[in-house]
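Report on the structure
Single-letter residue listing:
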Amino acid sequence: WIGLDNFKVILGSDSTIGHTFWPVLAWTLVWAVFATFLNYLLGVILAMLINKKGIRFKAFYRTLFVLAIAVPQFVSLLVMKNVLAEAGPMNVLLQELGWISSPLPFFTDPTWARVTVIIVDLWIGIPYTMLIVSGILMNIPEDLYEAASIDGATKGRQFLSITIPLISPVIFYNLVTQLVQAFQEFNGPYIITNGGPRGSTTLISLLVYNYAFKSYDMGMASALAWIMFIIVCVLTIIAFTSQKKWVYYSDER
């Protein structure tokens, strides 16, 4: 029985895992923020563009983006890994066009690798948000926008004062779910970069896997999993507390 010794080792700075944990935690927080809010923002924009008046073939566009969901995630990730490889179609095409002289370091440069895994996650996650927001937008009465136009409200003001308040309460729970999933994300960094280069794309979930099934240190892996669980709980509590305040403020208005 060692009590909380594993937690002291992880949170300290005198051990190998102590030096590893804090950069991994920082990257996991950055990943969670970008993976959640960029999916939300771009999904809302895409849904509004598709549902805009005058846009033809709306059902076709929705079906096109749903295909990204229909394909199993690991298949999409493997395809993207091969497309962006050093000798993959993307680098070969850009070199043949004369736009680059050497392959782009999608998986060999830490910054490029981080941006790559975020973009690939957006490719998979945006269609989910688009579908949810599309369902909400189709149920917003057009009378609200017509009345706002008569009162002189611009498109931007209509978006901020009508669209956002009406879709936010419904999509809030989806945001919380995506935030929790972002902390638990494993497939993307593991399949695309395997946590590299030099551990730059390693998330806490991948660190747990490495200690559990590569180092066979189940005690340290369990401690890391508990830390991840506590962080997710704290963020969820903060999110739900903010939601209650926002709803109260909206009701008062």
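A few points on the structure. What you are looking at is a predicted structure, and each value in this text was computed from that prediction instead of being measured. (Residues numbered from 1 in each chain as written. Predicted model: local features only at pLDDT ≥ 70, side-chain atom pairs only at ≥ 80, totals over all residues. Heavy atoms only, no water.)

Tracing the backbone shows Thr-116 in helix 6 (residues 110-137). Looking at Thr-116, its side chain comes within polar contact range of the main-chain oxygen of Phe-106, at 3.5 Å. Residue contacts for Thr-116: discarding those within four places in its chain leaves Leu-84, Phe-106 and Phe-107. (Helix = DSSP H or I, 4+ residues; strand = E, 2+ residues; numbered from the N terminus. Polar contact = N/O pair within 3.5 Å; in protein donor to acceptor, adjacent residues only side chain to side chain. Contact = heavy atoms within 4.5 Å.)

The tally for this structure, following the rule as stated, stands at nine aromatic pairs. Centre to centre, the rings of Phe-21 and Trp-22 are 5.2 Å apart; their planes meet at 70°, and the pair counts as edge-to-face. Looking at Phe-21, the relative accessible area reads 1%, which means it is buried. Overall, Trp-22 belongs to the partly exposed group, its relative accessible area being 42%. Taking 5.5 Å as the distance between ring centres and 70° as the angle between the ring planes, the aromatic pair formed by Tyr-190 and Tyr-209 counts as edge-to-face. In this pair, Tyr-190 is assigned in helix 9 (residues 187-192) and Tyr-209 in helix 10 (residues 204-213), connecting sequence segments 19 residues apart. Judged by its relative accessible area of 24%, Tyr-209 is partly exposed. An aromatic cluster is built from Phe-186, Tyr-190, Tyr-209 and Phe-213, whose rings are joined through pairwise contacts. (Phe/Tyr/Trp six-rings, centres within 6.5 Å; stacked < 30°, edge-to-face > 60°. Buried < 20%, exposed > 50% of the residue type's maximum accessible area, 1.4 Å probe, protein only.)

At a minimum axis distance of 10 Å, the contact between helix 6 and helix 8 (residues 155-184) shows a crossing angle of 150°. In terms of their interaxial angle, helix 6 and helix 8 are classed as roughly antiparallel. Every pair of crossing elements has a handedness; the one defined by helix 6 and helix 8 is right-handed. Only Thr-163, Leu-166, Ile-167, Val-170, Ile-171, Asn-174 and Gln-178 of helix 8 make contact with helix 6, whose side of the interface consists of Thr-129, Ile-132, Val-133, Ile-136 and Leu-137. Considered class by class, the residues forming the contact of helix 6 with helix 8 number eight nonpolar, four polar and no charged. (Axes fitted to C-alpha atoms, helices over the stretch in contact; angles between N-to-C directions. Parallel < 35°, antiparallel > 145°, perpendicular 65-115°, else oblique. Left-handed = near helix turned anticlockwise from the far one by under 90°. Nonpolar A, V, L, I, M, F, W, Y, C, P; charged D, E, K, R; others polar.)

So, about the nonpolar core. The biggest cluster of nonpolar side chains holds 53 residues, and the ones touching the most others in it are Ile-10, Phe-21, Trp-31, Ile-167, Ile-204, Tyr-211 and Leu-224. Elements with a minimum of two residues in this core: helix 2 (16-50), helix 6, helix 7 (142-150), helix 8, helix 9, helix 10 and helix 11 (218-252). Per-element accounting of this core gives the leading share, 13 residues, to helix 2. (Core = buried A, V, L, I, M, F, W, Y, C linked by side-chain atoms within 4.5 Å.)

Spatial relationships are all this shows, so hold off on functional conclusions.
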